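Each chain is listed here by its residues.
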Amino acid sequence: MKYLLLCLLLTGRPFDICAQPPPSPVKQRLVVPVRKGYVNHTELGTLLGAVAAPFQPDVTYTRSSFTASSFNGYRFRRGLAVGATVGVDWYARNAVVPLSLGLRGDMARSRVSPFYALDAGYAVVSLAKGNDVDFDGGLHLNPALGLRFALNSGAALTWSIGYKYLRARTVFENASGPNRIENRYDYNRLALKVGMSF
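This structure is a prediction, so every number in the text was calculated from the model and none was measured.

Undergrad: Mind laying out the nonpolar core, listing which residues take part and the relevant values?
TA: One finds Leu47, Tyr91, Val96, Ala123, Val125, Phe135, Leu166 and Ala191 forming the largest nonpolar core, which totals eight residues. Setting aside chain neighbours within four positions, we find Leu47 in contact with Arg63, Ser64, Ser65, Phe66, Thr67, Asp89, Tyr91, Lys164, Arg189, Leu190 and Ala191.

Next up, the structure:
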């Protein structure tokens, strides 16, 4: 009201443009440019899961183990990068090397952006021989969601939470007889990772 009266005294026209309040400043949103081309995403983290106690299948305990992976691919647009992922996971006494096809994508162009990741492939057990036991890998699947924190250098820090599935088996050959025992294992783990992408 005071603004309208001031306009009336100065111009005699209370309904012209000066009768409108001054426009509020528009907040500028920082937009991170999308760069096509080669992209790398390297992560380190831990795998958490329930494990059955030896010789007591009804008794379980939580076990954590180390995981690392590196995705190398090509970014076609903000929401899609396609490539290959190689990593290493520790399960009990065995080091498993997952070899996967991978997808990555950002869900926003802001400095802090949610992102998705999906890796699917075959896991090779690197410590594969025992005295009488062979260890074989199998199907590997790792979907994840996370946050990407862009840096001024063009790189970004990442944090993600995901699910990791691995199928493996052991084959016991009795050297003194024809007995052959095969066991299959399905590993289900919660994966917590931090990393860097560029």
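Undergrad: Account for the environment of Gly154, naming residues and giving values.
TA: Residue placement: Gly154 occurs in the loop between strand S7 (139-150) and strand S8 (156-173). With relative accessibility at 45%, the residue Gly154 sits in the partly exposed group. Note: C-alpha distance between Gly154 and Phe198 (44 residues apart in sequence) is 6.6 Å.

Undergrad: How would you summarise the environment of Phe172 if you had to cite specific residues and measurements?
TA: Looking at where Phe172 falls in the secondary structure, it is placed in strand S8. Distance in space between the C-alpha atoms of Phe172 and Asn183 is 8.5 Å, their sequence separation being 11 residues.

Undergrad: I'd like a rundown of the packing of aromatic side chains, residues and numbers included.
TA: Counted according to the given criterion, the structure contains two aromatic pairs. Ring centres 4.9 Å apart and planes at 65 degrees place the aromatic pair Tyr74 and Phe76 in the edge-to-face group. In this structure, Arg104 packs its charged tip against the face of Phe71, placed 4.5 Å from the ring centre.

Undergrad: Which residues make up the side chain of Asp89, and what values do they have?
TA: Tracing the backbone shows Asp89 in strand S3 (residues 80-91). On the basis of relative accessibility, which here comes to 1%, the residue Asp89 falls in the buried class. Within the structure, Asp89 has its side chain in polar contact with the side chain of Thr67 (distance 2.5 Å). Contacts of Asp89, omitting those with residues within four sequence positions, involve Leu47, Phe66, Thr67, Ala68, Asn94, Ala95, Val96, Pro98, His140 and Lys164.

The rules we used
Residues numbered from 1 in each chain as written. Predicted model: local features only at pLDDT ≥ 70, side-chain atom pairs only at ≥ 80, totals over all residues. Heavy atoms only, no water. Core = buried A, V, L, I, M, F, W, Y, C linked by side-chain atoms within 4.5 Å. Buried < 20%, exposed > 50% of the residue type's maximum accessible area, 1.4 Å probe, protein only. Contact = heavy atoms within 4.5 Å. Helix = DSSP H or I, 4+ residues; strand = E, 2+ residues; numbered from the N terminus. Phe/Tyr/Trp six-rings, centres within 6.5 Å; stacked < 30°, edge-to-face > 60°. Lys NZ or Arg CZ within 6 Å of the ring centre and 35° of its normal. Polar contact = N/O pair within 3.5 Å; in protein donor to acceptor, adjacent residues only side chain to side chain.

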